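# Inside the fold
If you want the building blocks of each chain, they are given just below.
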Amino acid sequence: MAIKEFPLPNAGARPRRLALASDDIVYYSNFARGFLGRLELSNGQVKEWQSPSGANSQPYGIAFTKGAIWFNESNAKPNTIVRFDPKTEKFQTWSIPGGGDIVRNVDVTRDGNVALANSLVNQIGLVEIK
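Figured I'd write up the structure that's included with this text.

What counts and how
Residue numbers here run from 1 along each chain, matching the order of that chain's written sequence. Thresholds applied to this predicted model are a pLDDT of at least 70 for local features of residues and 80 or more for the giving and counting of side-chain atom pairs; totals over whole chains, interfaces and linings are not thresholded and use all residues. Where side-chain values are given, they derive from all heavy atoms of the structure, hydrogens and water being excluded. What makes two strands pair is DSSP finding at least two bridges between them. A run of H or I in DSSP counts as a helix once it spans at least four residues, and a run of E counts as a strand once it spans at least two, with each numbered from the N terminus. Orientation is described by axes fitted as lines to C-alpha atoms, over the contacting stretch for helices, and by angles from 0 to 180 degrees between their N-to-C directions. Relative accessibility decides the category of a residue: with a 1.4 Å probe and only protein chains considered, values under 20% of the type maximum give buried, values over 50% give exposed, and everything between is partly exposed.

On to the sheet that holds strand β7 (residues 80–85). Read across the open sheet, the 4 strands follow the order β5-β6-β7-β8; overall the sheet is antiparallel. Because the sheet does not close on itself, it has two edges, and the strands there are β5 (59–65) and β8 (90–95). For this sheet the average axis-to-axis angle between neighbouring strands, irrespective of direction, equals 20°. Across 5 bridges, the pairing between strand β6 (residues 68–73) and β7 is antiparallel. Note that in β7 the partner of E73 across the bridge is T80.

Now the structure itself:
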């Protein structure tokens, strides 16, 4: 067994959650800086994008499904769910109807939809991707 660590380009980075794409790419939510990050495991290259709501957006839960990255911005009020298309590098954003209030975990259902753990509002959210 071996553990390899990959340094991120900014010393202030604080990745919260990881999403693994089908091509061995790791995406991470950079909570402290308000970025979405991409790490190529094969060569250690990192690329980052500013989250749509900016430096104080506090991205948290994240998942990969149906060719896109889905994450939430926990400091947007109400919280937002964000879709990032890795091919076009474009974002789409929607408000979470019940507010979300810090979506701490995101996962994918068997049929590829996104489930949200809306921690402080006692709700589970479901993003039905059409």
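That covers the picture; the talk isn't over yet.
This part covers unusual backbone geometry. A cis amide bond links K77 with the next residue in sequence, P78, at an omega value of -5°. In this structure, P78 sits in the loop between β6 and β7. With a phi angle near 50°, Q58 is a residue other than glycine that sits in the positive phi range. Within the secondary structure, Q58 is located in the loop between β4 (46–50) and β5. The exposure class of Q58 is partly exposed, given its relative accessible area of 26%. In this structure, N122 is a non-glycine residue whose phi angle is positive, near 55°.

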